[in-house]
Amino acid sequence: MVIVATAIIFKMYASSQESIASMEVMLENHFALVKAGNFQQAYDNFHRDLQQRISAEEYETGWMERIEKYGPMRSWKIHTANKSSNLFTSDEEYDVVLFIGFGADKEDFVRVYHIWKIEEGEIRLKYSGLHNSASNSSTFDVF
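Sequence order as written defines the numbering, with residues in each chain counted from 1. Only residues with pLDDT of 70 or above have their local features reported here, since the model is predicted, and side-chain atom pairs are shown and tallied only from 80 upward, although totals for entire chains, interfaces and linings are computed over all residues. The side-chain quantities take in all heavy atoms of the structure and omit both hydrogens and water.

**Describing the layout of surface pockets**
Argument step 1. A volume near 210 Å³ is recorded for the largest pocket.
Argument step 2. Lining the largest pocket we find 15 residues, and of these Gly-62, Arg-66, Asp-141, Val-142 and Phe-143 sit closest to its centre.
Argument step 3. In this text, helices come from DSSP runs of H or I with a minimum length of four residues, and strands from runs of E with a minimum of two, each type numbered from the N-terminal end. Of the residues forming the lining of the largest pocket, the biggest block, eight residues, is contributed by helix α4 (residues 56-70).
Argument step 4. Any residue outside Ala, Val, Leu, Ile, Met, Phe, Trp, Tyr, Cys, Pro, Asp, Glu, Lys and Arg is labelled polar, Gly included; the first ten of those are nonpolar and the last four are charged. Among the residues forming the lining of the largest pocket, the class breakdown is nine nonpolar, one polar and five charged. Cavities and pockets are found on a 1 Å grid laid over the protein atoms alone: a cavity is a set of points where a 1.4 Å probe fits but cannot escape, a pocket is an open set with protein on both sides within 12 Å along at least five of seven lines, and a lining residue has an atom within 4 Å of such a point. Grid points are joined across faces, edges and corners, and a volume is the space filled by probe spheres set on the points.

Below you can see the structure in the form of structure tokens.
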């Protein structure tokens, strides 16, 4: 029984580490575009559901307002990342909570929640919001 439990825990840990490594690559690509000011290219990686919620112009405007308020984006770090599958549709998604740092003198951090959907071999940002750890909920805001 202990061996089975150990094997399950190890598999869960390995899967979690694989998810984090996969997310680091996706997020590095996404935030490299944002840092370079290539908002349209970052937007092109949005899932069609997210593109229906926000236009490319609104996305760029949101980033420009954020940078004006907090300063330039300096860093990002994954807090948690999990890969999951919908039991009914078999859709696969990555759920990620990350910290994004802003500012020139001292960093101000925001906690962000992302859902990246895996669809037909492509990974697209489906949802983004500010994450409230107290209530474990998020408020729509695209990062």
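Back to the text.
**Topic: the sheet that holds strand β5 (residues 137-140)**
Strand pairs in the sheet, formed through backbone hydrogen bonds, run parallel or antiparallel to each other.
Argument step 1. Strand order in the open sheet made by the five strands is β1-β2-β3-β4-β5, with antiparallel pairing throughout. For this open sheet the edge positions go to β1 (73-85) and β5, each flanked by a neighbour on one side alone. Each neighbouring strand pair of the sheet contributes to a mean axis angle of 35 degrees, computed without reference to strand direction. A pair of strands counts as paired when DSSP detects no fewer than two bridges linking them. Fitted lines through C-alpha atoms give the axes, limited to the stretch in contact for helices. The angle between two N-to-C directions lies from 0 to 180 degrees.

**Thoughts on the side chain of Glu-93**
Argument step 1. Here Glu-93 lies in strand β2 (residues 92-102).
Argument step 2. Residues contacting Glu-93, with those up to four places away along its chain left out, are Asn-82, Lys-83, Ser-84, Ile-115, Trp-116, Lys-117 and Lys-126. Contact definition: two residues touch when any of their heavy atoms are within 4.5 Å.

**Things to note about the side chain of Lys-117**
Argument step 1. Mapped onto the elements, Lys-117 comes out in strand β3 (residues 108-119).
Argument step 2. Relative accessibility decides the category of a residue: with a 1.4 Å probe and only protein chains considered, values under 20% of the type maximum give buried, values over 50% give exposed, and everything between is partly exposed. The exposure class assigned to Lys-117 is buried, which follows from its relative accessible area of 8%.
Argument step 3. N or O atoms closer than or at 3.5 Å make up a polar contact, with two conditions inside protein: a donor-capable atom paired with an acceptor-capable one, and, for residues adjacent in sequence, both atoms drawn from side chains. At a separation of 3.3 Å, a polar atom in the side chain of Lys-117 contacts the side chain of Asp-91.

**Side note on α4**
Note that an α-helix has 3.6 residues per turn; residues three or four places apart therefore point the same way.
Argument step 1. By this rule the span expected of a helix is its residue count minus one, scaled by 1.5 Å. Between its first and last C-alpha atoms α4 spans 21 Å; for 15 residues at 1.5 Å apiece the expected length is 21 Å, and the two agree.
Argument step 2. Every buried residue of α4 is accounted for by Ala-56, Tyr-59, Trp-63 and Arg-66. For α4, the buried positions fall inside an angular range of 95 degrees around the axis, keeping them on one side. Exposed and facing more than 90 degrees away from the buried side of α4 are Glu-57, Glu-65, Glu-68 and Lys-69.
Argument step 3. Residue Gly-71 follows α4 closely and has a positive phi angle near 100 degrees. Read the arc as the range of directions from the helix axis to the C-beta atoms.

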